[in-house]
Structures are given as C-alpha cells and as structure tokens.
Number of protein chains: 2
Amino acid sequence: MAQKTSAKEAVLDAFERVVIDRGERAATLEAVAVEAGVSKGGLLYHFGAKKDLVEGLVSRLTGLAAADLENLTAAPDGIVSRFIRSSVVIGTPFDTTYIAMTRLAQSGLYPEANASLAGVEQGWRALIEEAVGDPAVARLVLLVGDGLYYNAALFPFDKLPTPAAELDDVIAAIEDLARSRTAG
Amino acid sequence: MAQKTSAKEAVLDAFERVVIDRGERAATLEAVAVEAGVSKGGLLYHFGAKKDLVEGLVSRLTGLAAADLENLTAAPDGIVSRFIRSSVVIGTPFDTTYIAMTRLAQSGLYPEANASLAGVEQGWRALIEEAVGDPAVARLVLLVGDGLYYNAALFPFDKLPTPAAELDDVIAAIEDLARSRTAG
DNA sequence: GTCTATACATGGATAGAC
DNA sequence: GTCTATCCATGTATAGAC
C-alpha cells in the first residue's frame, strides 16, 4: 500500500532527470517514458497529459519546500549560514526538484511552475527577513542564494564560478556584516 | 550600406523578443518570422537554420559584453555599485540579449549559448576580483549580480522579490563590508 | 531578397488489445 | 496497469516561383 504511488513517483523522478540533464524541450513523453522504463501509453495511464506531469512536480516541490523551511527554522542562530549552504546544489531531493522547476518555469509554458517558485522564494524571504535584523542584509542573503541556484542551473557542477569549497569565506563575510550592522 | 545588415538585425531583435516574452520553445521560425514581419522563407534566406539564429545572438552578446566591461572599467572606484546596478534588468540592449541567452542556454539545445554566458561571467569575475581587494567580497558581489539576473529571468518585472528601488541599501551594505575588510 | 508550397520528422494524445 | 498502433498538429527545412 505504501507502494501504491511508487509508479507515479518513479515517473516523476524520470521527468526530473530528463529535464535537468537534457532540458525541458528534450523531456518529451517518449523520452520520459524510456527513462522511467515504461512505454508512452503506460506513462499516460498515470499522467493523462503533460501538464499533469508538471502539476505532479509542483506538488512535490511544495512538500519539499515546507520541509526545507522547517529545517531552516530549526537553526534560528546560524540561519544565514544554513540558508546559503542549502542553496548550494549538491543533488538533494529538494535541489533536484527545484532546479527542474526553474527549467520548466523558463520554458514559458507552465505558469504554475513560475507561481510555485515564487511561493518558495516568498517563504524564504519571510523567514530570512524575520531572522536577520537588517532588511538590506536580508535581501543580500536572498540574492546570494538566488545567485547560487542560477549558477547551478546554467553551468555544469565542475565549472561553477563559485565552488562550494570557496563559500565559507563568503558566509563569514556576510555574518561579519550582519554583526556590524546589528551592533552598530 | 550601413543598412546592409539591418534586415538580419531586425530578425535577431524579433528572435530576442519572442524568446523573452514567450520562451525558447515558442520561438519557432514561424513565430520569429511573424514578429519580424517577414515570411518563414524570407527569414530562412538570412538565417539558413535555427542554429544560425542562435549564433547570431551569440555574436551580438559578445559585442555587447565587451562594451559592458569597458563601461565598468571606466568606473574603477564605484565599480561595485556600477556592476550591481547594471545587473538590474531594465531593458537595455545588453539586458535583453543576455536574458534571451539564458533562456537558450537552459533549453539544453545550444552549447554555444552556455559557453557564451560562461565567457561573460568570466569577464566580470576577472574585473571585479581585481577591483575589489577581498576575494570573498568579490565573489559575493558576483553572486548578487547573478541573483538579480536570476530573478529577472523568472519573474515579471512588477513582481521582482528585490525591486530596483530597494537596491541602494544593499549596495551600501556591500560597500560597508568592502571598506571594513580593506581597512581591517 | 522574399514569397508559397511542400516534404519530412517528431511530439502529444486517443483507442483498443492484452 | 501496461502495451502497440494510429491520428493529428506543429516545427524545421527544401524547392522553386516571382
């Protein structure tokens, strides 16, 4: 019974992989079906139309984003550090679904995808603005997070302009800033 | 004679508009031709294949990026401010071509588009790293710029998480940081 | 230099067998 | 629940008239 939805989940996994590895346009029903190990007809039994595939991914992101927010809330002190580190794409389920969603959003075909991303961004903003006293610093933190996702969406992992290893200094700098402004 | 290439330029302009307004997938030869006010056949006289359109846009971005770098170099002092302000998408020719290129890059169909963006990013990095003493601050500045483009690529102008008007404080904060680190 | 007509391939989706 | 076969629409590209 716990596996009742596993076929659908497996198709969604395949959808994500194809979108990320080969782009939205390559994610045809045929390609996703092959990746999932089923036929086109088999896929269409679970998802009656392509837009249903996208909606399935939106639901998935909504759930993962809620968990992500809870995770951040659990670290009220080091929230800046945790947020920025969690913005580095390392292949977590959230990362994967999120990056796939940015691809779908940029295709211009699925307004729900854009709305979904706006919702995630808004959740982050509310949390960061509350945790960080200074509004300018909060905006800066959010922009850095967005910048990290942007890089992950455009460049291969091994060619990132800012490798994860070099991020400690950036985080330290922002925390310096936050301190000096709160203390000021 | 100065207008010898204007037909091609007009088609490229149309290509950019369709890619930005309706997405890469909507930018079919037919749609671009209509937007440019010519027939499909007429378009294909100038650009023999779709990849030629992309290559035309890559050339255009290369030229605009060189001008952008010169513009930044002309402000050795306020380079951080100028870079971040120039990363706000307000519809300049560079903005337009750059955002269109990010769409093409994410489609996964045109490796030249990704390479082109990597080149632009690299140009910025070299300049900022040299102008800003602290490497961590330099990376931070670049990430903020990327974050601004990311937002412009995903959200409509009137729904940006960080409106241009609220950017002054962010810039001031970064300049604070740069000063305190250089002085330290 | 720009057009129409057309060939060809591919993608989304339906129908119906198993 | 999954498959094959098929229909229809659309996109790229070519050929050739004007």
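Since this is a predicted model, take the numbers as computed values, not measurements.

A.B. asks: Hey, could you run me through the protein's contact with DNA strand D in this one?
C.D. replies: Near DNA strand D the following residues occur: Val38, Ser39, Gly41, Gly42, Tyr45 and His46 of chain A together with Thr28, Leu29, Lys40, Leu44, Ala49 and Lys50 of chain B. Within 4 Å of the protein, atoms of DNA strand D come from sugar and phosphate in 61% of cases. Here a phosphate oxygen of DNA strand D sits 2.6 Å away from a polar atom, N or O, in the main chain of Ser39 of chain A. Within the side chain of His46 of chain A, one N or O atom sits 2.5 Å away from a phosphate oxygen of DNA strand D. Mapped by element, the contributors of at least two residues to the surface near DNA strand D are helix H3 (40–46) of chain A together with helix H3 (40–46) of chain B. Considering each element in turn, the surface near DNA strand D owes the most residues, four residues, to H3 of chain A. Across the surface near DNA strand D, the residue classes tally to five nonpolar, five polar and two charged.

A.B. asks: Help me out: how do you make sense of the interface of chain B and chain A in this one?
C.D. replies: Often the size quoted for an interface is simply the accessible area lost on bringing the parts together. Each partner contributes residues to the interface: chain B has 45 residues there, and chain A has 45 residues. Summing the contributions of chain B and of chain A, the shared interface buries around 3800 Å²; its carbon and sulfur component is 61%. When the buried surface of chain B facing chain A is broken down by residue, Arg25, Gln106 and Tyr150 of chain B rank first, second and third, together holding 22% of it. Taken together, the links from chain B to chain A amount to six salt bridges. Residue Asp176 of chain B is joined to Arg181 of chain A by a salt bridge in which the shortest nitrogen-to-oxygen separation is 3.0 Å. Inspection of the chain B/chain A interface yields 14 residue pairs in polar contact (both at pLDDT 80 or more).

A.B. asks: What is the right way to look at the domain arrangement of chain A in this model?
C.D. replies: Residues and elements named next belong to chain A. Along its sequence, chain A is carved into domain 1 (1–48) and domain 2 (56–183). Put simply, the middle of domain 1 and the middle of domain 2, counted by C-alpha atoms, are 27 Å apart. Taken residue by residue, the interface counts eight residues in domain 1 and twelve residues in domain 2. Between domain 1 and domain 2 the total buried area reaches about 950 Å² when both faces are included, carbon and sulfur atoms providing 63% of it. On the domain 1 side of the contact with domain 2, Glu16, Ile20 and Glu24 bury the most area, a combined 59% of that side's loss.

Rules behind the numbers
- Each chain carries its own residue numbering, running from 1 in the direction its sequence is written.
- Ligands are numbered from 1 and chains lettered from A, in the order in which they are written.
- It should be noted that, the model being predicted, local features are given only for residues of pLDDT at least 70 and side-chain atom pairs only at 80 or more, the latter also being counted only at that level, while totals for whole chains, interfaces and linings use all residues.
- Side-chain figures throughout are based on the complete set of non-hydrogen atoms in the structure, without hydrogens or water.
- We call a residue near a molecule or strand as soon as one heavy atom of that residue lies within 4 Å of the molecule or strand.
- Two N or O atoms count as a polar contact when they lie within 3.5 Å, although within protein this holds only if one can serve as hydrogen donor and the other as acceptor, and sequence-adjacent residues are included solely when both atoms are side-chain atoms.
- In this description a helix means any DSSP run of H or I spanning at least four residues, a strand means any run of E spanning at least two, and both kinds are numbered starting from the N terminus.
- Three classes are used: nonpolar for Ala, Val, Leu, Ile, Met, Phe, Trp, Tyr, Cys and Pro, charged for Asp, Glu, Lys and Arg, and polar for all others, with Gly counted as polar.
- Contact between two residues is taken to exist if any of their heavy atoms lie within 4.5 Å; hydrogens are not considered.
- The term buried area means the drop in 1.4 Å probe accessible area that two parts suffer when joined, counted for both and summed.
- Salt bridge, as used here, is a side-chain nitrogen of Lys or Arg placed within 4 Å of a carboxyl oxygen of Asp or Glu.
- In this entry, domain limits derive from an automatic or database-based domain assignment.

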